[in-house]
Amino acid sequence: MNAHRYLPHTPEDIDRMLAHCGAASLDDLYADVLTQLRMKQPYALPDAMSEPELDRYFAALAAQNRPMTIFAGAGAYWHYTPAAIPAILSRSEFATAYTPYQPEISQGTLQYIFEYQSMMCSLTGMDVSNASMYDGFTATAEAMIMAVAAARRRNRVLVSAALNPALVDVLRTYAKGPGIIVDTVDAPGGVTSPVAVAEGLKAEDVAAVIVASPNFYGIVEDFTGLADMCHASKALLVMNCHASTLGVLRSPGEWGADIACGEAQSLGMPLNYGGPYLGYLCCTKALMRKMPGRIVGATKDAQGRRSFVLTLQAREQHIRRQKATSNICSNQGMMTLHAAMYLSLMGAKGLEKVNRLSADAAHALAGKLADTGKMTLRYPQAPFLNEFVMDVKAPLTADAVLDALARENILGGVRLSDSSLLIAATEMCSPADIDRYVSIVKSL
Amino acid sequence: MNNKLYQPLIFELSHSGRRGDGLPDYNYGSAGAALPSALLRSRAPELPETDEPTVVRHYTNSSNNNFGVDTGFYPLGSCTMKYNPKVNEAMVGRAGVSDLHPAQPAATVQGALRIYRTLEKYLAEVGGMAEFTLNPFAGAHGEYTGLMVIRAYHESRGDEARRKVIVPDSAHGTNPASAAMAGYDIVEVRSLPDGTVDVSDLRGKLDSSIAAVMMTNPNTVGMFERNIPEIAEAVHAAGALLYYDGANLNPLLGVARPGDMGFDVMHINLHKTFSTPHGGGGPGAGPVGVRAGLEKFLPDPRVVEKADGSLDVEFGETAFGRISSWLGNFTVYIKALAYILTLGAENLAKVGPLATLNANYVMNSLKDLFELPIPGPCKHEFVFDGLRDKSTGVTTLNVAKALLDYGFHAPTIYFPLLFHESLMIEPTETESPETLDAFIAVMRRIAEDASNDPDKVKNAPYSTPISHPDEDEAALSPVIKYADLCSSTD
């Protein structure tokens, strides 16, 4: 057996170590694995590649990918990533550590999670943040389960029809286990109907109402009175928000929400064909002990030095097993560090600017597309930030528009139907990119 | 080197007026969003105002307070802290996926889809399964996904009376927690004194109310469940399915495949067996594999091969549902694929035996000083029940903390729950004999110190940035954000 660069053992090492264990061969160490269970043939996998060969392999795959100028969102937004972030993320003291079980040698991880929690509390206007969840959808599913667990004997949730339909699919999956009933509340004109919410709350077994801002159609909804309406019926208000927009939009805390959750990819995380992204989950102090996932707290060590530790662990699976608040065992560690660095670099002013640039780009595009006469803004009365729905006028179709743009390497949006598109813009789309988009549509 | 100047929280390094963003100053010539003030924040969020060099120094110095696999030996049992190859990281950049939007047309992301599909196939070969999905984000998420597949299978047969899942008392905490999330009641099955499942206890609990039995093999005490063929037969005879928790797959590489042992559904932790970094908690990936006949229940979306050889993203009619926004933690797949290709079939098959050799070597070198409740040979890991000499009062926690002073990460402690002083050691195959010998020497020295000068061990660690943090106080009066810290010191 020859050594490999990841497998240091020489044949002499192996012989010496086997002798020390009183074994004659490596096979001896598997004497308890019945012959009938052993692999009969080698793996049907390729032979080992050298580094240059591996590089060629992935370069060839990269050649089959076509990066585009992106005017699509639907939960994943093309913002710029400050170069300082990947530089720090590549530090292997962070990247190759496990969950910080030994606080004495994990203060780096614990401190950035504490900073992340602080920033998310500030953005959402909530009291408590956990150390993060896998993505915005699973964070919202956990919020739903948490709300039902807190409510006792209420197992219905009302979800706005203006939520991302894929998110509702995930909620329906997670509802199956605990037997939660998911009812949809109408959103005529793209906005959650307060009348429909009031109607739904009459069921008296509603644990939570789940709304989004901006919602799936990009609309910034007015939730005035919603929290009071929920609380009067002993239901919790759960708000799903794209993290970046919280830099400017009224926060869930200000709306009176009990749980804030959602996707934080918009904090400059690379699109990476869908992941890794970052789910955040925040709540009021009253719900703190129902929170799933890791939470980092500050304390002092024996010499009085400020120290960070994992805390409130009595909620978690490694202690409570099937009675835990969730099965989650990890968080999105490195993406949490990304979020903390992004928010440190941007600050409140940078965050305000990135939202203003994105909104300016989106409004310019929406206006110019309407001016072509080939599309109309679906919800002209509804305020939006960086994303909006356009209806394509016949005989033109949504597919025809997307195809024409794709030929010029532009991702024109997400197809909602034969005749409608969900379009987003960010600071990554230059004024010239917008003009290019518009001129292609004009030519159709 | 740790520069204390940049040590405080980033909030404490904030200075009004500093800027760290690199945003453009585009003029789009539009009025922008005219949002009514009722929809806007009443005041700006409290975020740091910092310049880029300060941010970089803060996090660089903060990283110096961390210990990773690249820092030193990390024998954390059940976590498989093997070396994370650097070329894997380089290939993430090479694969050209960073600017791919997940809603792009399939024709523009064929390379990305090929990575996904290729890794699925390779994992199916290693697991002995028919089909995989890569979508689950982590091991626990994989367990949940696998159990939902099992639930969909029983429901498809109209067999809805199966409301329980059996887990061994030695199982990872995620097993019962995942089964509970999938809507199942938990039945615990006993372990025998040798750490393996008590088959007669299991047989007594198998009936038509059982949906699945969850096992890990080797189990959490590092013992191979030698009765697995008998267990699989009994589970299937009762109409239940057998779930494989892949947390301990590493020692089986090159030796045996879960599918060949009779497992129906499994997950793999790419961040354990397939060398992707743990990232201080994530992102990981927990792909789920199923035997033939269960493919149709895997969650949406799926990556499928078209007749012309191209790949597409599809939603099925029979999937149990959806568990994620897109196709999971994509960049993790690139790293795992790079690892498999770098090792190749031949070297991948050496991983299991060498991991097992390393574990047995350490176990045999320390069992005279540490209590070995289950005699070997072990597989990838083993559990000591504290020091053999119990008269010193030195606990497993003390031993763990003492190790930190010598530049070693602690083993997993107080798990599994079968023993009072569990000290669970998993060296992995990437450690050289010199590293293992150095670890053994330190463990022996700590055992010696425990007998001669127990207080020295009990007061460790001495050289770490902090020592003996007050965890009780942290839980009693939670300070979980900067604002709490400010108000608590007022």
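Residues numbered from 1 in each chain as written. Chains lettered and ligands numbered in written order. Predicted model: local features only at pLDDT ≥ 70, side-chain atom pairs only at ≥ 80, totals over all residues.

Draft legend 1. Representation of the overall build of chain A. A tally of helices and strands in chain A yields 14 helices and 15 strands. Here chain A holds 444 residues, and the buried ones make up 61% of them. Here the analysis covers contacts within chain A between residues at least 6 apart in sequence; of these, 71% occur between residues at least 24 apart. (Helix = DSSP H or I, 4+ residues; strand = E, 2+ residues; numbered from the N terminus. Buried ≥ 20, exposed ≤ 12 C-beta atoms within 10 Å, placed from the backbone. Contact = placed C-beta atoms within 7 Å.)

Draft legend 2. Up close: the domain arrangement of chain A. All names here are of chain A. Taken domain by domain, chain A consists of domain 1 (69–78 + 347–442) and domain 2 (84–341). Centre-to-centre, using C-alpha coordinates, domain 1 lies 28 Å away from domain 2. Every contact between the two is made by 18 residues of domain 1 and, on the other side, 19 residues of domain 2. Mapped onto the side of domain 1 that touches domain 2, the elements with two or more residues apiece are helix H12 (333–371) and strand E12 (387–392). The element best represented in the side of domain 1 that touches domain 2 is H12, accounting for five residues. (Domains from an automatic or database assignment.)

Draft legend 3. Layout of the pairing of strand E6 (residues 236–240) of chain A. Residues and elements named next belong to chain A. Counted residue by residue, E6 has five buried out of five residues, so it is predominantly covered. Considered for its hand, the β-α-β crossover made up of strand E5 (residues 206–212), helix H9 (residues 226–232) and E6 is right-handed. In this structure, E6 lies alongside strand E7 (residues 259–263), joined through three bridges in parallel fashion. Counterpart to Val238 in the pairing with E7 is Ile259. (Right-handed = clockwise from strand over helix to strand, strands pointing away. Pairing = 2+ DSSP bridges.)

Draft legend 4. Local environment of the domain arrangement of chain B. All names here are of chain B. By domain assignment, chain B separates into domain 1 (86–341) and domain 2 (349–472). For domain 1 and domain 2, the distance between their C-alpha centres works out to 30 Å. Each partner contributes residues to the interface: domain 1 has 17 residues there, and domain 2 has 17 residues. In the side of domain 1 that touches domain 2, the residues fall into eight nonpolar, eight polar and one charged. (Nonpolar A, V, L, I, M, F, W, Y, C, P; charged D, E, K, R; others polar.)

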